[in-house]
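# Chains, contacts and geometry: an overview
Spelled out from the first residue to the last, the chains are:
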There are 2 protein chains.
Amino acid sequence: MLYDEAAVRPRRVARIATRIVKKTRVRLDTDERRAQLVALAKKVFAESAYDEISIDDLAKAAKISKGLLYHYFPTKRDLYIAGLSEIADELVAAVSSLDETLAPIDRVRVSIDAYLDHITRHARAFVSLMRGGIGSDPEVASVVEGVRTRLFDTFLNGQPFAPAFAESARFQTAVRGWIGFVEGASIDWCIHPRLTRLELRELFVQVLFEILRVVAPAELVWKTLPK
Amino acid sequence: MLYDEAAVRPRRVARIATRIVKKTRVRLDTDERRAQLVALAKKVFAESAYDEISIDDLAKAAKISKGLLYHYFPTKRDLYIAGLSEIADELVAAVSSLDETLAPIDRVRVSIDAYLDHITRHARAFVSLMRGGIGSDPEVASVVEGVRTRLFDTFLNGQPFAPAFAESARFQTAVRGWIGFVEGASIDWCIHPRLTRLELRELFVQVLFEILRVVAPAELVWKTLPK
């Protein structure tokens, strides 16, 4: 297990809070306070399940009154969604920072490494979220679906695919399916790490290239052939 | 779109209810009444989003008092989960009814056809559910995750894999990933049917066989080689 089910939560929340709040005992302006609360939410929800954290815990951890917390975020879910959206943006940014001098297969490797770094850091939140254990709602679902769509677009634009090919229905469906492959196998891996991280990454890369081979001959798929 | 976003809901609920309730104006015993309510929930939630249906709609549609409905299902969510669990059982049963005389590739085709039949029939509910739009909770998530696990087990047991191979970590991760591939591409297909159903099925079959080829040579994977 990449996360520890039985860890002692209140102590952990307090510890995280100390790291974040330490330098901020002074009166903060609105933007800073908001950013501080979102940073706290990101840490806390990455390490504990949504239902384990109360708004009281969060206010105590941020060393502010519940009233002030509610001023920024009317509900726990609002704060959760703000943290989640930042995590989602970070994931998309990390996966998208592609070095164009690399060969296609190495670009894919770099992206998958960034993805695996990210879900390892947020393993608990990632699994809960993807399995709906947090008690998702349309807003949460749209953040998650937005990540899939942005990763899909990033992938299509970031790789040197021949444009005519990138528009093919079979190709688009296959890429969407591959994102599902990565997601399904990653969730499984967070809970049952049957493979090493390197083995998992190489499986993702190989499967992608086989899937692309299924949908078209290599000379049609790539502007420059993968090494 | 396989489902009609703008359809007139109250009329639809009433129509469904008439079909189900017609023959049951007589006093029903407990099991029959429960089964009737679950059947109603399955139909209603397959055609409308969870939040569009109130407990009032459901009681009216079943031609019983709200009090009696609450007697069987204390909340709308309980009724929803009962309907969902039946749909989940039907899906697993349909996908599992494998004809052992068929070649492996044809068994996979039959399973995928059963899966696509099922999600086409329940397209709206399937997409909402998988995207968390219904407002899922741990119980809903565990029904969905249960389906994945049962499909995974069914697949491992229903196919003539060499036993030593079926226990390999790479293979298990790959099968889990393929289920994610099918799920991801199916959700996408329900919303953007870029491929025909036959094209989608053949893509799933081809991708599966390529994935299996990635994880091991064919002579290790199958007891009898696929035709």
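Conventions we followed
- Residues numbered from 1 in each chain as written.
- Chains lettered and ligands numbered in written order.
- Predicted model: local features only at pLDDT ≥ 70, side-chain atom pairs only at ≥ 80, totals over all residues.
- Heavy atoms only, no water.
- Core = buried A, V, L, I, M, F, W, Y, C linked by side-chain atoms within 4.5 Å.
- Buried < 20%, exposed > 50% of the residue type's maximum accessible area, 1.4 Å probe, protein only.
- Contact = heavy atoms within 4.5 Å.
- Salt bridge = Lys/Arg side-chain N within 4 Å of Asp/Glu carboxyl O.
- Helix = DSSP H or I, 4+ residues; strand = E, 2+ residues; numbered from the N terminus.
- Axes fitted to C-alpha atoms, helices over the stretch in contact; angles between N-to-C directions.
- Parallel < 35°, antiparallel > 145°, perpendicular 65-115°, else oblique.
- Left-handed = near helix turned anticlockwise from the far one by under 90°.
- Phe/Tyr/Trp six-rings, centres within 6.5 Å; stacked < 30°, edge-to-face > 60°.
- Lys NZ or Arg CZ within 6 Å of the ring centre and 35° of its normal.

### As for the nonpolar core
Core analysis: the largest hydrophobic core is formed by 136 residues, its most contacted members being Phe 171, Trp 178 and Phe 204 of chain A together with Leu 69, Phe 171, Trp 178 and Phe 204 of chain B. Apart from residues no more than four positions distant in its own chain, Phe 204 of chain B is found in contact with Ile 112, Leu 116, Trp 178, Phe 181, Val 182, Ala 185 and Ser 186 of chain B.

### Considerations on the pattern of salt bridges
All names here are of chain A. Applying the stated rule across the entire model yields 32 salt bridges over all chains. Between Asp 113 and Arg 201 there is a salt bridge, with its nearest N and O atoms 2.7 Å apart. Taken as a pair, Asp 113 in helix α6 (residues 104-121) and Arg 201 in helix α11 (residues 197-215) lie far apart in primary sequence, 88 residues in all. On the accessibility criterion, Asp 113 (24% relative accessible area) is partly exposed. Through salt bridges with shared partners, one network takes in Asp 106, Arg 109, Asp 113, Asp 117, Arg 197, Arg 201 and Glu 202.

### Looking at the packing of helix α6 (residues 104-121) of chain B against helix α10 (residues 169-191) of chain B
Axes are the key here: two packed helices are described by the angle between their axes and the distance separating the axes. All names here are of chain B. Running from N to C, α6 and α10 cross one another at 40 degrees; their axes reach a closest spacing of 12 Å. Considered as vectors, α6 and α10 are oriented oblique to each other. The crossing of α6 and α10 is right-handed. Every residue of α10 that contacts α6 at Val 108, Ile 112, Tyr 115, Leu 116, Ile 119 and Thr 120 is listed here: Trp 178, Val 182, Glu 183, Ser 186, Trp 189 and Cys 190.

### Brief notes about the packing of aromatic side chains
Residues and elements named next belong to chain A. Here the structure, examined in full by the defined rule, presents two aromatic pairs over all chains. Geometrically, the ring pair formed by Phe 181 and Phe 204 is edge-to-face, given 6.1 Å between the ring centres and 85 degrees between the ring planes. Remark: Phe 204 occurs in helix α11 and Phe 181 occurs in helix α10 (residues 169-191); sequence separation between them is 23 residues. Taking relative accessible area as the criterion, Phe 181 reaches 0% and is therefore assigned buried. The ring of Phe 152 carries the charged tip of Arg 176 above its face, separated from the ring centre by 5.7 Å.

### Side note on the side chain of Gln 172 of chain A
For Gln 172 of chain A, the location among the structural elements is in helix α10. Exposure remark for Gln 172 of chain A: the relative accessible area of 15% places this residue in the buried category. What Gln 172 of chain A contacts, discounting residues up to four positions off in sequence, is Phe 152, Ala 166 and Glu 167 of chain A together with Arg 194 of chain B.

### Some points on the environment of Gln 36 of chain B
On the secondary structure map, Gln 36 of chain B appears in helix α2 (residues 30-47). In this structure Gln 36 of chain B comes out as buried when scored by relative accessible area, which is 6%.

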